[in-house]
Amino acid sequence: MGAAGVLSLAGVLSLAGVLAGDSRVQTAGTPLPLDLGRTVPLGEDALSPGQGLDCREVRKHNSSEWCHFIQSNPDCQLEGGFLHYLEGVFCVFPPRLLPLAVTLYALWLLYLFIILGVTAEKFFCPNLSAISTNLKLSHNVAVFSLMSPLHGVTFLAFGNGAPDVFSAVVAFSDPRTAGLAIGAVFGAGVFVTTVVAGGIALVKPFTAASRPFLRDVIFYMLAVFLTFMVLYFGRITLGEALGYLGLYVFYVFTVVLCTWIHRRQRREGLAPAGPWEPEMLTDAEEPEPSGTNSGDYGEEYRPLLPSQETSLRIFTTALSPLDYRKWRRKPWYWRVFKVLKVPVELVLLLTVPVVDPDKDDLNWKRPLNCLHILTSPLLCILTLKSGTYGLYQIQGVFPVWGLITLVGSILAIITFITTSNEEPPKYHCVFAFLGFLASAMWINAAATELVNILRTLGIIFQLSNTVLGLTLLAWGNSIGGKGSAVPQCHPRGTHLLLASPKVSPSPSADTFSDLTMARQGYPRMAFSACFGGIIFNILVGVGLGCLLQMTSSQLVVKLEPDSLLVWILAGALGLSLVFSFVSVPAQCFQLGKAYGACLILYYLAFLCVALLTEFRVIHLSTM
């Protein structure tokens, strides 16, 4: 499957996300009224058509008028989502308990980031890897040589960047939150290319891979320049939106071509492997996985005699998100974090099937997978349009969710009768597509709530969406916290354990994962991920986010940066890339602690300037 095919798959998925996040459709038969003639201001929140009051003006009124202001002002109506955060904080909580409401919202914001991370790591990425394996992207050594880099910059980039891309698409779907998207895309870029890259150099000084670094930085600078021009002209046309996606396709082609040239030179003895460069394992070198569920102990807990488990035991075992042997070995802070994740993992296990090519049974759990035939479609229909489609009644009598329940129950019973516990059916790969769609709907639902709660916090504290995007949203999507040393998107067919940075195996902007890789002796791989992974986020996030807002009658999305902060953000990202582009070759690609310290100090200076600009300490003088 080519890169264009992967991008089209991402486009279809993102389109489903936009549909799920837009609550303006009231019935299943109503067309999407996407009015894109409206201007999308990025520095300030947009005003609803015909409404002159900004929702952030609510705090300037008497506290007794807050609730009426929120309920009567169209600008205070949040698009999509299941919870009405503004009414909750201004109508449910009394004014004296506003700090409590803000605290609860902040905790819920952190938990939404956990939901995004768990869903992407344990459900979205494994199903994405299973799909790529079933599509035979790499099933032998010859195909593996060229397809593994393509795998890293398409499927794996999409898996690791799913929360960022979904957040951008959801934010672009509403003119009032478009600043969140630009702020998050640029803010994450500045954070990753300074704090994360600098942290890697501080943790483990190393020699950077020259050609991959220059390639990724040049492409990223092109992407930033393209976005800067879009902001300068105040609009993005259909051709420019397609240009974002086309540039990423060209980047994929360049990665594959460079990898092919490098490996040919190595076979001819012209390009020996450099220091700190882990080698990629082939099918012959890779040990076969045991296919057991024995956790970290492997053969020690394998039963001596084969035994057949009952369906009830398989069901209860598959639903357990805890490995008790692993629980005893882990430190207390890991246990606390695991307790927070258990409710999320339990709900996801009930609604999202996972096909794991690394297991002999492909993670076939007959009773649970049969339940997924019912719960996954039900989840999709109830999260689509925030439940609008699911609650729609056919002919005013029978609800759609009832029809889905009836059909799903019949299919689940047929599947349970015609399959066995020991061997997965031939159509088991269908569950990977079902799990892929279900996990995507979960990510989209969490991203929608995330955008809405960030806008609510911006209204409470009278902050622009841009500063919220470059701080909270960018930090949440970049810091990560999955607790894994290596990115989890790795298909069995490619054996991407610790691949060479030359092929960008798993572009990731996960700070914890990158720093952990650096401590384990793989700083080049982590450093390459800093610049290679976020290329996908900016090109696909902005490109798709604007493309999906266009209609046949309106092929232009207006983007007008009304705030100086947007230009400071764009300039800071461009300057950080130019600094690395010049200083890294000047050091002969020998990156030490001085380079890392400079990058971190640069980010702190940028953050101070951004906050001073937000609070009008730094501003342009008006004539």
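Every chain's residues receive numbers from 1 upward, in the order its sequence appears when written. Local features in this predicted model are restricted to residues whose pLDDT is 70 or higher, and side-chain atom pairs enter the listing and the counts only when it is 80 or higher, whereas totals over whole chains, interfaces and linings include all residues. Derived side-chain values reflect all non-hydrogen atoms in the structure, with water molecules and hydrogen atoms excluded from consideration.

A word on the overall build of the protein chain. A run of H or I in DSSP becomes a helix once it reaches four residues, and a run of E becomes a strand once it reaches two; helices and strands are each numbered from the N terminus. Scanning the protein chain from N- to C-terminus turns up 22 helices and 7 strands. Only heavy atoms enter the contact rule, under which two residues are in contact if any of them lie within 4.5 Å. Once local pairs closer than 6 in sequence are excluded, the contacts in the protein chain between residues at least 24 apart make up 81%. Just so you have it, the protein chain exposes about 26,300 Å², and 67% of that area is on carbon and sulfur atoms. Only the protein chains shown count as cover for residues, and the accessible areas themselves come from Shrake-Rupley with a 1.4 Å probe.

Further remarks concern helix α22 (residues 593-614). Each residue after the first adds 1.5 Å to the expected span of a helix. For α22, spanning 22 residues, the distance from its first C-alpha to its last is 32 Å, which sits close to the expected 32 Å at 1.5 Å a residue. Taken together, the buried positions of α22 are Y595, G596, L599, Y603, F606, L607, A610, T613 and E614. Projected down its long axis, α22 shows its buried positions confined to an angular sector of 130°, all on one face. When the buried face of α22 is taken as reference, the exposed residues oriented beyond 90 degrees from it are K593, A594 and L601. Those residues of α22 that are buried lie in contact with α8 (178-203), α18 (465-479), α20 (523-547), α21 (564-586) and β7 (590-591). Burial status follows relative accessibility: with a 1.4 Å probe on protein chains alone, a residue under 20% of its type maximum counts as buried, one over 50% as exposed, and anything between as partly exposed. By construction, the arc corresponds to the directions joining the helix axis to the C-beta atoms.

Turning next to the pattern of salt bridges. For this document, the term salt bridge refers to a Lys or Arg side-chain nitrogen within 4 Å of an Asp or Glu carboxyl oxygen. Under the definition given, this model contains 7 salt bridges. Between R455 and D75 there is a salt bridge whose closest N-O contact spans 3.6 Å. Taken together, the positions of R455 in helix α17 (residues 429-461) and D75 in the loop between α2 (66-72) and α3 (85-92) put the pair 380 residues apart, joining distant regions of the chain. For the pair R455 and D75, one class covers both residues: buried. A salt bridge links K338 to E345, with the nearest nitrogen and oxygen atoms 3.0 Å apart. Assigned by exposure class, K338 and E345 land together as buried.

Our next topic: unusual backbone geometry. Look at L362: it is not a glycine, yet its phi comes out positive at around 55°. Relative to the helices and strands, L362 resides in the loop between α13 (332-351) and α14 (366-383). The residue Q462 is not glycine, and still its phi comes out positive at about 55°. With respect to the helices and strands, Q462 occurs in the loop between α17 and α18. In this structure Q462 comes out as partly exposed when scored by relative accessible area, which is 37%.

Once that is clear, we can look at the packing of helix α7 (residues 162-172) against α8. Two numbers describe how α7 lies on α8: the axes approach to 6 Å, and their chain directions differ by 150°. For the element pair α7 / α8, the angle class is roughly antiparallel. Relative to α8, the crossing made by α7 is left-handed. Within the contact between the two elements, α7 uses A168, A171 and F172 and α8 uses A178, L180, A181 and I182. Here the residues of the contact of α7 with α8 are counted per class, giving 7 nonpolar, no polar and no charged. Between N-to-C directions, angles span 0 to 180 degrees; the directions come from axes that are lines fitted to C-alpha atoms, helices contributing only their stretch in contact. The labels follow the angle: roughly parallel below 35 degrees, roughly antiparallel above 145, roughly perpendicular from 65 to 115, and oblique for the rest. Crossing handedness: left-handed means the near helix sits turned counterclockwise from the far one by under a right angle, and right-handed means the same turn made clockwise. In the scheme used here, Gly and all other residues not listed as nonpolar or charged are polar, with Ala, Val, Leu, Ile, Met, Phe, Trp, Tyr, Cys and Pro taken as nonpolar and Asp, Glu, Lys and Arg as charged.

The next point concerns a nonpolar patch on the surface. Among the surface-exposed residues, Y392, I394, V397, F398, L403, L406, V407, I410, L411 and I414 lie close enough to one another that they form a single nonpolar patch of about 870 Å² accessible area. The element best represented in the nonpolar patch is helix α16 (residues 400-418), accounting for 6 residues. With respect to the secondary-structure elements, I414 resides in helix α16. Patch criteria: residues need more than 30% relative accessible area and no salt bridge. Like-charged residues are merged within 9 Å; nonpolar side chains of Val, Leu, Ile, Met, Phe, Trp and Tyr are merged within 5 Å.

What follows deals with the nonpolar core. One recurring pattern in soluble globular proteins is that nonpolar side chains are buried together. The nonpolar core is taken to be a set of buried Ala, Val, Leu, Ile, Met, Phe, Trp, Tyr and Cys residues, with the residues joined through side-chain atoms within 4.5 Å. Among the nonpolar cores identified, the biggest contains 147 residues, and F90, F186, Y220, F527 and I538 are the most heavily contacted of them. Counting residues per element, this core draws most heavily on helix α4 (residues 98-134), which supplies 18 residues. Segment limits for the domains were obtained from an automatic or database-derived domain assignment. Shared between two domains, this core holds at least three residues of each, these being domain 1 (59-92) and domain 2 (98-136 + 151-263 + 429-434 + 444-483 + 505-622).

Let's shift gears to the confidence of the model for the protein chain. Along the chain, pLDDT gives the predictor's confidence residue by residue, from 0 to 100. When pLDDT is averaged across the protein chain, the result is 77; 76% of the residues are at 70 or more. This stretch, residues 1-41, has a pLDDT under 50; its non-local contacts, to residues over four places away or in other chains, come to 108 contacts.

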